Amino acid sequence: MTKQTAGRILVTGAVGQIGSELTLELRKRYGAEQVVAGVHRTPPTGALRDSGPYETVDVTRPQNLAEVIDRYDIDTVYHMAALLSAIGEEHPQAAWNVNMNGLYHLLEVARERGLRVFCPSSIAVFGPETPRDGTPQETVLRPTTMYGVTKVAGELLGAYYARRYGLDVRGVRYPGIISAETLPGGGTTDYAVAIYYEAVARGRYACFVREDTVLPMMYMPDCIAATIDLMEADGSGLRHRTDFNLAAMSFSAGELAAEIRKHLPDFVCTFEPDHRQAIADSWPRSIDDSAAREEWGWQPQYDLSRMTTDMLRRLTLRHAEGRLYPQVEGVERS
Ligand code: SER
């Protein structure tokens, strides 16, 4: 039986790009003490550290996971800890261990305690044989990255626990996520974040995918809203569980640079594709997310123009205060 009470929440990967902003929003909504930030090697800083509890959580160690969950009487886990696509190609074994074994351990702990679990998937579940425009909800899932392999398997594993054990496991296939707070690390879509930082910091950026590379993207406020809205949705209306396509906008790297130039006319962007181009080329250009819209009312708020205005406003302000890159050491910057 899944717990129905509004108990405490654990966010794994809480210092990551999505986890950091998700933790703060969950604390705002449900109370600071109700939301535990699960961190691994990198300690939390700033508001994340000061606004509520945090604990070291290694998802590859089931006893550690269970101990934290029991100590805080957790009933819902947002499982954001993962290695992304590009870093996953550098370290496929580590990507499998964290993404797959980590999820398996969490689902086992959740099964024994009836916890609710949010487990994100990604556009990385798709591959070269998938239709690339308006990618349907039900389609070919034959990814060519280890990250994608773990995300397909994760969707299936979560759905298995839902069917077999009645566990409430939910998830979406995030597009590339763009945000102004915590930098992403090790993803293929990282260029779409780095370009804003470097435009503000230096007025130049060397983009690691071709100018005509189109990928589905989303601004962080929409990403956070989608995540929490899905978890708060009435489960009886959901036909899908762990694999909702999710979309907001699609644009090429060249269009992104041109949009930034509307605000910063002197911005220069060069295109110097590296090994990440092949990953980008294996993913869809746009996504059909009608299942999410129909089953739980998904509706994005930000397009490229609105997102760019907000990103540049926030980053310009931080740059003026001398803290554009508040980032922890060791995270790749561009
Ligand atoms: N943003 C992720 C990546 O690039 C995709 O889920 O790896």
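On a predicted model such as this, the values are computed, not experimentally measured, just so you know. (Residues numbered from 1 in each chain as written. Predicted model: local features only at pLDDT ≥ 70, side-chain atom pairs only at ≥ 80, totals over all residues. Heavy atoms only, no water.)

Trainee: Describe the site of the ligand, with residues and values.
Mentor: By nearness alone, every residue bordering the ligand is listed as Leu-84, Ser-85, Ser-122, Tyr-147, Gly-187, Thr-188, Thr-189 and Trp-283. Side-chain polar atom of Ser-85 to an oxygen atom of the ligand: 2.6 Å apart, as the coordinates give it. Contact with the protein chains hides 93% of the accessible area of the ligand, taken as 240 Å² for the molecule alone. In terms of residue class, the shell around the ligand is built from three nonpolar, five polar and no charged. (Near = heavy atom within 4 Å. Polar contact = N/O pair within 3.5 Å; in protein donor to acceptor, adjacent residues only side chain to side chain. Areas by Shrake-Rupley, 256 points an atom, 1.4 Å probe, with all protein chains shown as cover. Nonpolar A, V, L, I, M, F, W, Y, C, P; charged D, E, K, R; others polar.)

Trainee: A description of the nonpolar core should follow, citing residues and the corresponding values.
Mentor: Formed by 46 residues in total, the largest nonpolar core has its most connected members in Ile-178, Tyr-191, Ile-195, Tyr-196, Tyr-205 and Met-307. Elements that contribute at least two residues to this core include exactly α6 (146-165), α7 (191-201), β10 (204-207), β11 (214-219), β13 (249-252), α9 (253-263), α10 (276-281) and α12 (304-320). Top contributing element to this core by residue count: α7, with nine residues. Filtering out sequence-adjacent residues up to four positions away, Met-307 remains in contact with Ile-178, Tyr-196, Tyr-219, Met-249, Phe-251 and Tyr-302. Val-11, Val-172, Met-231 and Trp-296 belong to the second-largest nonpolar core, a separate cluster that totals 30 residues. (Core = buried A, V, L, I, M, F, W, Y, C linked by side-chain atoms within 4.5 Å. Buried < 20%, exposed > 50% of the residue type's maximum accessible area, 1.4 Å probe, protein only. Helix = DSSP H or I, 4+ residues; strand = E, 2+ residues; numbered from the N terminus. Contact = heavy atoms within 4.5 Å.)

Trainee: How would you sum up the side chain of Asn-99? Please name residues and give values.
Mentor: Relative to the assigned elements, Asn-99 resides in helix α5 (residues 92-113). Take Asn-99: its relative accessible area is 7%, and that puts it in the buried class. At a separation of 2.9 Å, a polar atom in the side chain of Asn-99 contacts the main-chain amide nitrogen of Leu-83. Here the side chain of Asn-99 touches Thr-150 through a polar contact of 3.2 Å, side chain to side chain. When residues no more than four places from it in sequence are discounted, the contact partners of Asn-99 are Ala-82, Leu-83, Tyr-147 and Thr-150.

Trainee: Can you explain the packing of α9 against α12? Please cite residues and give values.
Mentor: At their nearest, the axes of α9 and α12 sit 10 Å apart, and the two run at 55° to each other. Classified by the angle between their axes, α9 and α12 sit oblique to one another. Considering how the two elements wind past one another, α9 and α12 form a crossing that is right-handed. Where α9 abuts α12, its residues Glu-255, Leu-256, Glu-259, Ile-260 and His-263 lie against Leu-304, Ser-305, Thr-308, Thr-309 and Leu-312. When the residues that make up the contact of α9 with α12 are grouped by side-chain class, the tally is four nonpolar, four polar and two charged. (Axes fitted to C-alpha atoms, helices over the stretch in contact; angles between N-to-C directions. Parallel < 35°, antiparallel > 145°, perpendicular 65-115°, else oblique. Left-handed = near helix turned anticlockwise from the far one by under 90°.)

Trainee: Describe the pairing of strand β2 (residues 35-39), and please don't skip the residues or the numbers.
Mentor: The buried count for β2 comes to five of five residues, which makes it a mostly enclosed element. Of the two faces of β2, both are covered, the one formed by Val-35, Ala-37 and Val-39 as well as the one formed by Val-36 and Gly-38. What joins strand β1 (residues 8-12) to β2 is helix α1 (residues 17-30), and the crossover it makes is right-handed. In this sheet, strand β3 (residues 54-56) lies alongside β2 in parallel orientation, the contact comprising three bridges. In the strand pairing of β3, Gly-38 is matched with Glu-55. (Right-handed = clockwise from strand over helix to strand, strands pointing away. Pairing = 2+ DSSP bridges.)

Trainee: So what's going on with the environment of Val-15? Which residues, and what values?
Mentor: Tracing the backbone through its elements, the reader meets Val-15 in the loop between β1 and α1. Sequence spacing of Val-15 and Tyr-30 is 15 residues, and the spatial spacing of their C-alpha atoms is 19 Å. Not counting the four nearest positions on each side in its chain, Val-15 is found in contact with Ser-20, Val-39, Thr-42, Pro-43, Pro-44, Leu-48 and Thr-182.

Trainee: Quick rundown of the packing of aromatic side chains? Include the residues and the values.
Mentor: According to the stated counting rule, one finds 10 aromatic pairs in the structure shown. Here the aromatic rings of Tyr-160 and Tyr-165 are separated by 6.4 Å at their centres, their planes lie at 80°, and the arrangement is edge-to-face. Site record: aromatic cluster; members linked through ring pairs are Tyr-78, Phe-118 and Tyr-174. Sitting over the ring of Tyr-165, Arg-111 keeps its end group 5.2 Å from the ring centre. Sitting over the ring of Tyr-302, Arg-306 keeps its end group 4.1 Å from the ring centre. (Phe/Tyr/Trp six-rings, centres within 6.5 Å; stacked < 30°, edge-to-face > 60°. Lys NZ or Arg CZ within 6 Å of the ring centre and 35° of its normal.)

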